[in-house]
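Tertiary structure, described
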Amino acid sequence: MKRYAEIAGDGGSDVVGQVLALRQRLEERLARVRRVVAVMSGKGGVGKSTVTATLAALLAARGRAVGVVDADLNGPALGRMLGVRGQQHLATEDGVLPAVGVAGVRAVTLDLFLPGEATPVAWRHPGGLAADTTVWRGAMEATALRELLTDVAWGDLDYLFLDLPPGSDRFAAVAGVVPRLDGVVVVTVPSLVSLSVVRKALTAARERGDPVLGVVENMAGYVCPHCGRLGPLFPSGGAGDLGVPVLARLPFDPRVAAGADTGVPYALEAPDTPVGLAFAALAAALEGRWQE
Amino acid sequence: MKFLCLACDQPMTVTEAQPPDADGSRAVIFRCPRCGHAAAMLTNPAETQLVHALGVRLGPDPGGAREPLAHVRGGLERARADAVGPGGGAVAWSEAAQARLQAAPPFVRPMIRRAYEDYARGRGIAVITPEVMDDARRALGMG
């Protein structure tokens, strides 16, 4: 009787071939991207998506071709932050055109596929089992992310940012889908809780050999609206002892949140403010990493 | 997974893959190319879901063009019907409309341009003029 290895193929469906073809299409798409950069955080709510959107917009305003994938599939926020909510993706022979946001940033987010702002991301399931079956849901999300990367006609890009969901475990899942990561930026706030989680994430990243570019310390102080002086916002912390370069320390400014709500990052509108200057330094630091 | 006809020691080939039934099971029919013996592989719901989640197709001819973002568009329980539209032709801008666009800050021009073009494309308008921009602003609630 023939054994498994003696039989070529699977009788017609060629599932392995289909999976390999999908992977090859993704590699071809990314071949036109100079730098694939993941933005991650250990904890949620530290401003990761705001940093991603602002960084992307600043680099685009400098003349770089920039794309952003909202890889936080269950909490897509970049539609609003990049000003692309309500846009329609257009189908072409090469794939679906990305939405075009502030400063010309090309973006794709599940937000644009949902009928309303309050609609959660829920996957249709063929039936028979609960919809939240963990393994199935993970596979659905991985395939969705692969599609967002592969089926979008990004064109030539200098940077493609992946705005990851919070949590170091999610980073590993995303990294498993993306065949090439040129850099990882880690966003934290200077609280002991956040830094503790980031420390764990960095250990895991080092063990995997991920190309960590450095850490961004968000909400690193509060600029007084009256006197302009920078004061502490958190009683503790400091990202300086994490063992990776600190790419930027971004002061808290409520106008940053307001800018994120309107789709125009505040740092673009107010480049000479402390937070505008800090974001500009971050963009310069990121570009500098590949010019060294 | 592969199927072998024991009588012929011959790999069986897929002749049909049925869509999921109400219980979440799929039937994939294999047939021996030598003796014609047929067998059905019946998946349990978890297997059906896993295949679906991988974004691959089962069947004798799974090839053919994939619709872009088919998994996302078909997989979301509640999805916007018009999330992806036909590309259509390019939309032209009159000189006056171009000039008006230039009045906007540079970093918001690309998304404003895109909003007007989407509006025009959706209504079969070939050239964007200041009048079209006014109509779009009213329709889109752009103030």
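This structure is a prediction, so every number in the text was calculated from the model and none was measured.

**Concerning the overall build of chain B**
The helix and strand inventory of chain B stands at five helices and eight strands. Counting from the amino terminus, helix and strand elements in chain B follow one another as β-β-β-β-β-α-α-β-β-α-α-β-α. Here the C-alpha radius of gyration of chain B, 26 Å, is well above what a compact globule of 143 residues would show, namely 15 Å. Dimensions of chain B, computed from C-alpha atoms along their principal axes, come out at roughly 80 × 30 × 25 Å. For chain B, buried positions account for 36% of its 143 residues. Relative to all contacts within chain B whose residues are 6 or more apart in sequence, the contacts with residues 24 or more apart total 38%.

**Focus: the packing of helix H2 (residues 48-61) of chain A against helix H9 (residues 274-289) of chain A**
All names here are of chain A. It is the contact of H2 with H9, at a shortest axis distance of 10 Å, that shows an interaxial angle of 75°. Overall, the two elements H2 and H9 adopt an arrangement that is roughly perpendicular. Listed contacts from H9 to Val51, Thr54, Leu55, Leu58 and Leu59 of H2 are Phe279, Ala280, Leu282, Ala283, Leu286 and Glu287. A class-by-class count of the residues in the contact of H2 with H9 yields nine nonpolar, one polar and one charged.

**As for the nonpolar core**
Residues and elements named next belong to chain A. Counting 53 residues, the largest nonpolar core has Val69, Leu160 and Leu162 as the members making the most contacts within it. For this core, the elements supplying multiple residues, two or more each, are helix H1 (15-30), strand S1 (33-41), helix H4 (134-150), strand S7 (157-163), helix H5 (168-177), strand S8 (183-188), helix H6 (192-208) and strand S9 (212-223). By residue number, the principal contributor to this core is H4, which donates seven residues. In this structure, Val69 is in contact with Val108, Leu145, Leu148, Leu149, Trp154, Leu160, Phe161, Leu162 and Asp163, ignoring residues within four places of it in sequence. Listed in part, the 51 residues of the second largest apolar core include Ala57, Ala260, Tyr266 and Ala278.

**Remarks on the interface of chain A and chain B**
The figure often quoted for interface size is the accessible area lost as the parts come together. Listed as interface residues are 61 residues of chain A and, on the opposing side, 57 residues of chain B. Joining chain A to chain B, the criterion identifies one salt bridge. Its salt-bridge partner being Asp9(B), residue Lys2(A) comes within 3.7 Å of it at the nearest N-O pair. Where chain A meets chain B, there are 23 residue pairs in polar contact (both at pLDDT 80 or more).

**Section: the pattern of salt bridges**
Tallying each qualifying case throughout the model produces 24 salt bridges over all chains. Where Arg208(A) meets Asp210(A), a salt bridge forms, and the shortest distance between an N and an O atom there is 2.8 Å. You can call Arg208(A) partly exposed: its relative accessible area is 36%. For Arg100(B), the salt bridge is made with Asp134(B), and the minimal N-O distance between the two is 2.6 Å.

**Some points on the sheet that holds strand S3 (residues 89-92) of chain A**
As summarised here, the arrangement of the three strands in space is S4(A)-S3(A)-S6(B), forming an open sheet in which the pairing is mixed. At either end of the open sheet lies a strand with only one pairing partner, and these are strand S4 (95-97) of chain A together with strand S6 (84-86) of chain B. Taking each pair of neighbouring strands and ignoring which way they run, the sheet shows an average axis angle of 40°. Sheet topology places S3(A) next to S4(A); three bridges connect them, and they run antiparallel. Of the residues in S4(A), the one forming a bridge with Ala91(A) is Val96(A). Contacts from helix H4 (residues 109-122) of chain B reach S3 and S4 of chain A together with S6 of chain B, with the element oriented near 65° to S3(A).

**Here's the deal with helix H7 (residues 254-262) of chain A**
Residue and element names in this part refer to chain A. Those residues of H7 lying buried are Val256, Gly259 and Ala260. The buried residues of H7 occupy one face: seen down the axis, they fall within an arc of 100°. At its buried positions, H7 is contacted by H2, helix H3 (78-81), helix H8 (266-269) and H9.

**Structural notes on unusual backbone geometry**
Residue and element names in this part refer to chain A. At Ala103, a residue that is not glycine, the phi angle is positive and equals roughly 60°. Within the fold, Ala103 resides in the loop between strand S5 (99-100) and strand S6 (106-108). Although it is not a glycine, Met219 sits at a positive phi angle of roughly 55°. Counting through the fold element by element, Met219 comes out in strand S9.

**A closer look at the packing of aromatic side chains**
Going through the model one piece at a time under the given rule, you end up with five aromatic pairs over all chains. Three or more aromatic residues link up through ring pairs in this structure, and these residues are Tyr159(A), Phe161(A) and Trp290(A). Sitting above the plane of the Tyr4(A) ring, Lys2(B) keeps its charged end 4.0 Å from the centroid. Geometry around Trp93(B) places Arg113(B) over its ring, the cationic atom sitting 5.0 Å from the centre.

**Details of the pairing of S8(A)**
All names here are of chain A. Of all six residues that make up S8, six are buried, and the element is covered over most of its length. By the alternation rule, side chains of S8 split into Gly183, Val185 and Val187 and Val184, Val186 and Thr188, which are all buried. Relative to S9, S8 runs parallel, the two being bridged by five bridges. Bridge pairing in S9 links Val186 to Val215. For the segment spanning S8, H6 and S9, crossover handedness is right-handed.

Parameters and conventions
- Residues numbered from 1 in each chain as written.
- Chains lettered and ligands numbered in written order.
- Predicted model: local features only at pLDDT ≥ 70, side-chain atom pairs only at ≥ 80, totals over all residues.
- Heavy atoms only, no water.
- Helix = DSSP H or I, 4+ residues; strand = E, 2+ residues; numbered from the N terminus.
- Rg over C-alpha atoms; globule rule 2.2 N^0.38 Å.
- Buried < 20%, exposed > 50% of the residue type's maximum accessible area, 1.4 Å probe, protein only.
- Contact = heavy atoms within 4.5 Å.
- Axes fitted to C-alpha atoms, helices over the stretch in contact; angles between N-to-C directions.
- Parallel < 35°, antiparallel > 145°, perpendicular 65-115°, else oblique.
- Nonpolar A, V, L, I, M, F, W, Y, C, P; charged D, E, K, R; others polar.
- Core = buried A, V, L, I, M, F, W, Y, C linked by side-chain atoms within 4.5 Å.
- Salt bridge = Lys/Arg side-chain N within 4 Å of Asp/Glu carboxyl O.
- Polar contact = N/O pair within 3.5 Å; in protein donor to acceptor, adjacent residues only side chain to side chain.
- Pairing = 2+ DSSP bridges.
- Arc of directions from axis to C-beta.
- Phe/Tyr/Trp six-rings, centres within 6.5 Å; stacked < 30°, edge-to-face > 60°.
- Lys NZ or Arg CZ within 6 Å of the ring centre and 35° of its normal.
- Right-handed = clockwise from strand over helix to strand, strands pointing away.

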